[in-house]
Amino acid sequence: MATKVDTSPEYPWFAGNSRLIDTSVQGKWLAAHIAQIGIIMIWVGLNVFSENQAFDPSLPMFDQGLVLIPHLAAEGFGIGSGGVVTNTFVYTQVGAIHMVAGLVLLAGAYFHGAIGPSDLTEGGRGNTERFAFAWDDPKQLGYILGNHLIFIGFASLIFVGWMKFHGIYDPTVGEVVKVAAPGSTIANVFKYGWSTPGYNPFFVDNLDDLASGHLFIGLFDIAGGIWHINVAPFKWEQDLGSRISIYTPDGLIGTALGGVAIMGFISTYFCCVNTFAFPVEFYGAACEVKFGIAPWFKDTADLAEGFYTSRAWLCNVTYYVAFYCLQGHLFHSLRAMGFKFENIPAVIARDTGNAPV
């Protein structure tokens, strides 16, 4: 485990995040995270507005280049029997909520970046100092990880509550259906992925299992969060690999990007083949996986030249985002292991006999 982070100028000036490796600027680290969430919120709000003003309820949703409104429809927003949109104003409301939330978050980012304490150990409002950290303090990094997991777990439980009290679209009956008893099939969670017939996780096909799966993940994340808040990482976790220092800026972002890449690839294939969570009415028919230089996802529906379903757009964009996150994972993880990319030109010059005198 690294006990000292090298902050010498091995990071070029244009590597913007390099200014955050010094833990004395934790306020800016926090500001960057909040700003990222705020930008995502505003992106969602603007694109929901954009899609809604172009949306024609008389035409198939999947054939209009939409991505966000199909998500909202699948969650039961503004639709009636057969997946027919009956209320488009709710999409404006959702967009407005995201815009307001995004602006509030950006204000928070500005506060932490320009007004609040740069070093969180100096304190601030509430329990700010509790989130101060150092790269050689795995216990504190575990505490921060634990808080992240608790928030993610609660988000999953909120979705379970939405399924119970509002309901989501069930394509098997063509109606918004409430899940009467989320968790009633939670034992099925342990069958998925174990080659049990009828339990391929990519082909989940009923609301009970969908709700139970989210309930399980929510409770599991919260339990993991409580664990990490109270228990320091074990020694074997701190020594993953003989040369890997995961408790460094590069190690942390490399691990995070690796997780995002894995989930992106899973999400890509899930969207490609699953027509229950991603109903045909909103996304179009399931796609076909093709292989060229890289995998790509082809519409199986007969569409006009140059037109693609929402499912094809979502699959392909998600795949390429995940792919580039994987490259980021490899880059930062190799740096955490000690590999210096900036030395590559000198090594090539040396091996080709062109080393400078």
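Procedures and definitions
Residues numbered from 1 in each chain as written. Predicted model: local features only at pLDDT ≥ 70, side-chain atom pairs only at ≥ 80, totals over all residues. Heavy atoms only, no water. Helix = DSSP H or I, 4+ residues; strand = E, 2+ residues; numbered from the N terminus. Buried < 20%, exposed > 50% of the residue type's maximum accessible area, 1.4 Å probe, protein only. Contact = heavy atoms within 4.5 Å. Areas by Shrake-Rupley, 256 points an atom, 1.4 Å probe, with all protein chains shown as cover. Phe/Tyr/Trp six-rings, centres within 6.5 Å; stacked < 30°, edge-to-face > 60°. Pairing = 2+ DSSP bridges. Core = buried A, V, L, I, M, F, W, Y, C linked by side-chain atoms within 4.5 Å. Axes fitted to C-alpha atoms, helices over the stretch in contact; angles between N-to-C directions. Parallel < 35°, antiparallel > 145°, perpendicular 65-115°, else oblique. Left-handed = near helix turned anticlockwise from the far one by under 90°. Nonpolar A, V, L, I, M, F, W, Y, C, P; charged D, E, K, R; others polar. Disulfide = S-S within 2.5 Å. pLDDT = per-residue confidence, 0-100. Expected span 1.5 Å × (residues − 1). Polar contact = N/O pair within 3.5 Å; in protein donor to acceptor, adjacent residues only side chain to side chain. Salt bridge = Lys/Arg side-chain N within 4 Å of Asp/Glu carboxyl O.

Peer 1: Help me understand the overall build of the protein chain, please; the structure alone is not making it clear to me.
Peer 2: When helices and strands are counted, the protein chain shows ten helices and four strands. Put simply, the protein chain runs from its N terminus to its C terminus through helices and strands in the order α-α-α-α-β-β-α-α-α-α-β-β-α-α. Considering only C-alpha atoms, the protein chain reaches an extent of 70 × 55 × 45 Å along its principal axes. Looking at the protein chain as a whole, 38% of its 357 residues are labelled buried. In the protein chain, once contacts between residues fewer than 6 apart in sequence are set aside, the share between residues at least 24 apart is 67%. Total accessible area computed for the protein chain in this model is approximately 20100 Å², and 67% of it derives from carbon and sulfur atoms.

Peer 1: Just checking my understanding: could you explain the packing of aromatic side chains for this structure?
Peer 2: Each aromatic ring pair is summarised here by two numbers: the centre-to-centre distance and the angle between the ring planes. Per the counting criterion, the structure on display carries 19 aromatic pairs. Ring geometry for Tyr308 versus Trp313: centroids 6.1 Å apart, planes at 80°, classification edge-to-face. Assessed through its relative accessible area of 47%, Tyr308 is described here as partly exposed. The exposure class assigned to Trp313 is partly exposed, which follows from its relative accessible area of 45%.

Peer 1: Just checking my understanding: could you explain the pairing of strand E3 (residues 288-291) for this structure?
Peer 2: On any regular strand, side chains alternate: one points to one face of the sheet, the next to the other face. Of the pairings in the sheet, the one linking E3 to strand E4 (residues 295-298) comprises four bridges and is antiparallel in character. Counterpart to Val289 in the pairing with E4 is Phe297. What sits between E3 and E4 in their antiparallel hairpin is a turn of three residues.

Peer 1: Just checking my understanding: could you explain the nonpolar core for this structure?
Peer 2: Where a protein is soluble and globular, its nonpolar side chains tend to be buried together. Grouped together as the largest cluster of nonpolar side chains are 42 residues, with contacts concentrated most on Met61, Ile79, Tyr91 and Phe282. The next biggest cluster of nonpolar side chains, apart from the first, holds seven residues, and it includes Trp135, Leu141, Tyr143 and Ile144.

Peer 1: Looking at this model, I keep getting lost on the packing of helix H4 (residues 138-165) against helix H5 (residues 207-230). Mind explaining?
Peer 2: Geometry of a packed helix pair, given as the angle between the helix axes and the separation of the axes. Contact pair H4 / H5: the axes reach a minimum separation of 7 Å and the direction vectors enclose 160°. One element, H4, and the other, H5, form an angle in the roughly antiparallel class. Handedness of the H4/H5 crossing: left-handed. For the contact of H4 with H5, the per-class residue count stands at 18 nonpolar, eleven polar and two charged.

Peer 1: I tried to follow the side chain of Gln26 on my own but got confused; where do I start?
Peer 2: Structurally, Gln26 is set in helix H1 (residues 26-54). Apart from residues lying up to four places away in sequence, Gln26 is in contact with Ser118, Asp119, Leu120, Thr121, Ala132 and Phe133.

Peer 1: Is there a simple way to explain the state of the cysteines in this structure?
Peer 2: Each disulfide consists of a covalent bond between the sulfur atoms of two cysteine residues. Here the structure, examined in full by the defined rule, presents zero disulfides. Here Cys287 stays free of any disulfide, with the sulfur of Cys315 as its closest cysteine sulfur at 4.7 Å. Overall, the relative accessible area of 9% leaves Cys287 in the buried class. With no disulfide of its own, Cys325 has Cys315 as its nearest cysteine by sulfur position, at a separation of 17 Å. Residue class for Cys325 comes out buried when judged on its relative accessible area of 16%.

Peer 1: I tried to follow the confidence of the model for the protein chain on my own but got confused; where do I start?
Peer 2: One rule of thumb: low pLDDT means the predicted coordinates there are not for detailed reading. For the protein chain, per-residue confidence averages 87 on the pLDDT scale, and residues scoring 70 or more make up 90% of the total. Mean pLDDT across the secondary structure elements of the protein chain bottoms out at helix H6 (residues 235-238), with 70, and peaks at strand E1 (residues 168-170), with 97. Below a pLDDT of 50 lies the segment residues 1-9, which in the model reaches 16 contacts outside its immediate sequence neighbourhood of four places, other chains included.

Peer 1: Is there a simple way to think about H5 in this case?
Peer 2: The periodicity of an α-helix, 3.6 residues per turn, causes residues three or four places apart in sequence to face the same way. Relative to the 34 Å expected for 24 residues at 1.5 Å per residue, H5 spans 35 Å between its end C-alpha atoms, a close match to the ideal helical length. Near the N-terminus of H5, the side chain that reaches the backbone nitrogen of Asp208, with its oxygen 3.4 Å away, is that of Asn206.

Peer 1: Hey, could you run me through the pattern of salt bridges in this one?
Peer 2: Should the charged atoms of two oppositely charged side chains come close, the side chains can pair. A complete count under the given rule lists three salt bridges for this structure. Note that Asp250 and Arg335 form a salt bridge whose closest N and O atoms lie 3.1 Å from each other. Taken as a pair, Asp250 in helix H7 (residues 249-273) and Arg335 in helix H9 (residues 310-336) lie far apart in primary sequence, 85 residues in all. Residues Asp250 and Arg335 agree in their burial class; the two are buried. Glu288 is paired through a salt bridge with Lys290; the nearest N and O atoms lie 3.4 Å apart. The exposure class assigned to Glu288 is partly exposed, which follows from its relative accessible area of 36%. Take Lys290: its relative accessible area is 28%, and that puts it in the partly exposed class.

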